[in-house]
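A closer look at the structure
Chain by chain, the residues run as shown.
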Amino acid sequence: MKKKELTIPLEIYENAGELPPADALLLNLAMEATGNAYAPYSGFRVGASVRLANGKTLSGTNQENASFPAGICAERVVLSAASAIYPGIEVTDLAISFFYEGGNNAKPISPCGICRQTISEYELRSATPIRLILGGNSGEVFILSRAADLLPLAFTLAEMK
Ligand code: THU
């Protein structure tokens, strides 16, 4: 038996003002998008914005449903839209923000497990790392240089070969 430790590099910025301008812009788009969330059940409004290799940006929000499991997270909404509107164009950056009335919004959130799996597939299929920019409406911002870091030992197409 041998033991191995898996570590992930994480950049922590004190606030959005410290970010490179392109990252600050994308995070701001995600923050603004939270206003368009459809989250009548949880009240937890999530915005996700992508930048593509062609320079375009797109935003998505969580879309809840009376049948709760039919709801979909902002990350999967925006990635599906990007792939449908710009097929074959790599997603290079994904910013995620949120707003929860009465909650602590001054901290980053990171994608749920299903979204990690989905983001990881987009990253693999385009063979391009997707940078993640995670921040609330103020406070610290986390940057990961690739989505795979959030899903170590992922189940991928390679496992089915
Ligand atoms: N949600 C997202 O849209 N993205 C995340 O990363 C975490 C959770 C949504 C799902 C649900 O509509 C609400 O937030 C509360 O879980």
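Higher on the page you've got the structure.
Let me sum up the structure you'll find in this document. (Residues numbered from 1 in each chain as written. Predicted model: local features only at pLDDT ≥ 70, side-chain atom pairs only at ≥ 80, totals over all residues. Heavy atoms only, no water.)

What about the sheet that holds strand 5 (residues 131-135)?
Backbone hydrogen bonds hold the strands of a sheet together, and the pairing may be parallel or antiparallel. Formally: Strands were regarded as paired on the criterion that DSSP finds at least two bridges between them. Per the convention used, a helix needs a DSSP run of H or I reaching at least four residues, while a strand needs a run of E reaching at least two, with both numbered from the N terminus. To define axes, lines are fitted to C-alpha atoms, for helices over the stretch in contact only, and angles between the resulting N-to-C directions are given on a 0 to 180 degree scale. We call two residues in contact when some of their heavy atoms are within 4.5 Å.
The sheet built from six strands is open, its strands ordered 1-6-5-4-2-3 with mixed pairing. Both outer strands of the open sheet, strand 1 (11-13) and strand 3 (57-61), are each paired with one neighbouring strand and no more. When the angles between neighbouring strand axes are averaged without regard to direction, this sheet yields 15 degrees. Pairing geometry for strand 1 and strand 6 (residues 141-144), over three bridges, is antiparallel. In the strand pairing of strand 6, E11 is matched with I143. Running at roughly 45 degrees to strand 4 (residues 91-100), helix 1 (residues 21-33) makes contact with strand 2 (44-52), strand 3, strand 4, strand 5 and strand 6 of the sheet.

Some remarks on helix 1
Here is the rule: Multiplying 1.5 Å by the residue count of a helix minus one yields the expected span of that helix. We call a residue buried when its accessible area falls under 20% of the maximum for its residue type, exposed when it is over 50%, and partly exposed in between, using a 1.4 Å probe and counting protein chains only. In this context, the arc is that of the directions from the helix axis out to the C-beta atoms.
With 13 residues, helix 1 extends 18 Å between its outermost C-alpha atoms, agreeing within 8% with the 18 Å of an ideal straight helix rising 1.5 Å per residue. Here helix 1 has its buried residues at D23, L26, L27, A30 and A33. The buried residues of helix 1 occupy an angular sector of 115 degrees when projected down its axis, which confines them to one face. Of the residues in helix 1, the exposed ones pointing more than 90 degrees away from the buried face are P21 and E32. Here the buried face of helix 1 lies against strand 2, strand 3, strand 4, strand 5 and strand 6.

Topic: helix 2 (residues 74-85)
If you check helix 2, its first and last C-alpha atoms are 16 Å apart, about what 12 residues at 1.5 Å a residue would give, namely 16 Å. The complete set of buried residues in helix 2 reads A74, E75, R76, V78, L79 and A82. Tucked into the core, helix 2 has its buried residues touching strand 2, strand 3, strand 4 and helix 3 (113-126).

Section: the environment of E101
Along the chain, the position of E101 falls in the loop between strand 4 and helix 3. Assessed through its relative accessible area of 68%, E101 is described here as exposed. Remark: the alpha-carbon pair of E101 and G43, spanning 58 residues in sequence, is separated by 7.1 Å.

Some thoughts on the environment of V91
Secondary-structure assignment places V91 in strand 4. Considered as a pair, V91 and G113 are 22 residues apart in the sequence and their alpha carbons are 19 Å apart. Ignoring sequence-local partners within four residues, the contact set of V91 consists of V50, R51, L52, L79, A82, T128, P129 and I130.

Some remarks on the pattern of salt bridges
Counted only if it meets this: Each reported salt bridge corresponds to a side-chain nitrogen of Lys or Arg within 4 Å of a carboxyl oxygen of Asp or Glu.
Per the counting criterion, the structure on display carries three salt bridges. Of the charged contacts, one joins D93 and R131 as a salt bridge, the two residues approaching to 2.7 Å between their closest N and O atoms. Residue D93 is located in strand 4, and its partner R131 is located in strand 5; the two are separated by 38 residues in the primary sequence. Between D149 and R146 there is a salt bridge whose closest N-O contact spans 3.0 Å. With relative accessibility at 42%, the residue R146 sits in the partly exposed group.

Structural notes on the packing of aromatic side chains
Going by this rule: For Phe, Tyr and Trp, where Trp contributes only its six-membered ring, two rings pair if their centres lie within 6.5 Å, and the inter-plane angle classes them as stacked under 30 degrees, edge-to-face over 60, or tilted in between.
Using the criterion set out here, one finds three aromatic pairs in the structure. Here the aromatic rings of Y41 and F68 are separated by 5.4 Å at their centres, their planes lie at 50 degrees, and the arrangement is tilted. Taken together, the positions of Y41 in the loop between helix 1 and strand 2 and F68 in the loop between strand 3 and helix 2 put the pair 27 residues apart, joining distant regions of the chain. Relative accessible area serves as the criterion here: at 41%, Y41 is assigned to the partly exposed category. Exposure remark for F68: the relative accessible area of 61% places this residue in the exposed category. Ring plane angle 15 degrees and centroid distance 5.2 Å describe the contact between F44 and F98, whose orientation is recorded as stacked.

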